[in-house]
Amino acid sequence: MKTVIIIRFCEIHLKGKNRGYFERLLQSNIESSLKDIKHSFIPLHNRYVVDDFDMCDYDLICDKLKKIPGVHTFSKAYVVENDFEEIKGAVLDLCKDKTGTFKVEVNRADKTFPIRSMEACRELGGIVLDNYNNLKVNVVSPDYLINVDIREDGKTFVFCGVEFGISGMPVGSAGKGLLLISGGIDSPVAGYMMAKRGMKLDCIHFHSYPYTGEAAKEKVIELTKKVSEYNGGMNLYVVSFTKIQEAIHKYARDDYMITIMRRIMMRIAERLSKKIGAQAIITGESLGQVASQTIEGMTCTEEVLNMPILRPLVAFDKLDIIKISKEIDTYDTSILPYEDCCTVFLPKFPVIKPSIETAKQEEAKMDIETLIAEAIENAEKYEF
């Protein structure tokens, strides 16, 4: 019997007349992710099928499918002709190593199939009981749900159980954003959350060599690689922030140093966004988590922007963020002990309710435009 993988989506069902666009985009993203693996791809009604693959690649295919936004569930399935004897053989083979309780569910999409769904359920269940003494029927909470999907094209899929993807929307369906990625726990999770909602991302990182070493940059590169797996690839722009931080440290009030730093970061991010076609800036800020993330601090920071700033983690508890970071395999990298530029020249008592007017007065002491232009001009680009 031939083995295939059935892929299902969820939220796309709600898209009405635009549904075809989202289905085609998800199909393109899946095929792009599997491009280096021998297979064939078959779009069906409300699902996709991966066929003609080597079983040695099954685990790799599953790993990739679990990282594609828009994929809700998928199952390994036998595919046979719409013939009841072949269906029986597939069901028996599927149950041969199982013990415990089971239930059979039949979906008869092919209305010309001579046996109705309920009758097929009874017959198939009886055949399993006749052949396997270690299995019992439980229609309420079975250990195994045996699914038989009889399709209109003459093929039947027989499978047991599902694996879950991350759901969400296909990447590319919600525009493009620029993620401010640091070496911490939060920003990679923020990027993942936006990718899950269909936003295509590039990243910007501010590096303060020699105050932060090459190991700190390599850490961010590794985090970007991990996030890019959920985004169909992305670019990372590394911006030298050393001269800017030295100027802030020299001219600005100590308590306003972090505020000024973040305002300049936002200006640089906005100019890079316009250059690469990004429509929004994304940060990993969470309300009240640190001194700069009060509502007053965030308001003062975004005052310099003329484009949207998205904060997907704004209401998340730190433990919630850590949980997701472990699920997407960024946590262990994020906690490596390398400083990012936000910890350089950190004031002892940063202002928690900054004034926009005071921030502007402090910025007026520096030649911000020259510093920003030089930082953008010398940015390094990494492609993943």
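Up top is the structure these notes are about.
Given the structure is predicted, the values throughout are model-derived calculations rather than measurements. (Residues numbered from 1 in each chain as written. Predicted model: local features only at pLDDT ≥ 70, side-chain atom pairs only at ≥ 80, totals over all residues. Heavy atoms only, no water.)

A.B. asks: Kindly report on the layout of surface pockets, identifying the contributing residues and their values.
C.D. replies: There is about 480 Å³ of room inside the second largest pocket. For the second largest pocket, the lining is made up of 21 residues, of which Ser33, Ser228, Glu229, Gly232 and Gly233 are closest to its centre. Contributing elements (two or more residues each) for the lining of the second largest pocket: helix H1 (19-33), helix H2 (58-65) and helix H6 (214-228). A per-class count over the lining of the second largest pocket returns six nonpolar, seven polar and eight charged. (1 Å grid on protein atoms, 1.4 Å probe; cavity = no way out; pocket = protein on both sides within 12 Å on 5 of 7 lines; lining within 4 Å. Points joined across faces, edges and corners; volume = space filled by probe spheres on them. Helix = DSSP H or I, 4+ residues; strand = E, 2+ residues; numbered from the N terminus. Nonpolar A, V, L, I, M, F, W, Y, C, P; charged D, E, K, R; others polar.)

A.B. asks: Any details on the nonpolar core? Residues and values, ideally.
C.D. replies: Residues Ile248, Ile264 and Ile268 are the most contacted members of the largest nonpolar core, which totals 38 residues. Mapped onto this core, the elements with two or more residues apiece are strand S10 (176-180), strand S11 (200-207), strand S12 (235-240), helix H7 (242-251), helix H8 (257-276) and helix H13 (368-377). When neighbours within four sequence positions are excluded, Ile268 is seen to be in contact with Ile204, Phe206, Val239, Phe241, Ile244, Ile372, Ala375 and Ile376. Formed by 27 residues, the second largest nonpolar core is a distinct cluster that contains Ala190, Tyr192, Met194 and Val220. (Core = buried A, V, L, I, M, F, W, Y, C linked by side-chain atoms within 4.5 Å. Buried < 20%, exposed > 50% of the residue type's maximum accessible area, 1.4 Å probe, protein only. Contact = heavy atoms within 4.5 Å.)

A.B. asks: Tell me about a nonpolar patch on the surface, residues and numbers included.
C.D. replies: A contiguous nonpolar patch, built from Leu129, Val137, Val139 and Val140 and spanning about 370 Å² of accessible area, is present on the exposed surface. Topologically, Val139 is positioned in the loop between strand S6 (135-137) and strand S7 (144-150). For Val139, a relative accessible area of 54% puts it in the exposed group. (Patch = residues over 30% accessible without salt bridge, like charges linked within 9 Å, V, L, I, M, F, W, Y side chains within 5 Å. Areas by Shrake-Rupley, 256 points an atom, 1.4 Å probe, with all protein chains shown as cover. Salt bridge = Lys/Arg side-chain N within 4 Å of Asp/Glu carboxyl O.)

A.B. asks: Give a detailed account of the pattern of salt bridges, specifying residues and quantitative values.
C.D. replies: Under the definition given, this model contains 33 salt bridges. The residue Lys2 makes a salt bridge to Asp52 at a minimum N-O spacing of 3.3 Å. Of the two residues, Lys2 sits in strand S1 (residues 2-8) while Asp52 sits in the loop between strand S3 (47-51) and H2, which places them 50 residues apart along the sequence. Residue classification places Asp52 among the partly exposed residues on the basis of a relative accessible area of 37%. Residues Glu303 and Lys360 are paired through a salt bridge, measuring 3.4 Å at the closest nitrogen-oxygen approach. Taken as a pair, Glu303 in the loop between helix H9 (295-302) and strand S14 (309-310) and Lys360 in helix H12 (residues 356-363) lie far apart in primary sequence, 57 residues in all. By relative accessible area, Glu303 is classed as partly exposed at 30%. Judged by relative accessible area, Lys360 falls into the partly exposed class, the value being 38%. One salt-bridge network, in which partners are shared between bridges, spans Arg263, Arg267, Glu303, Lys360 and Glu363.

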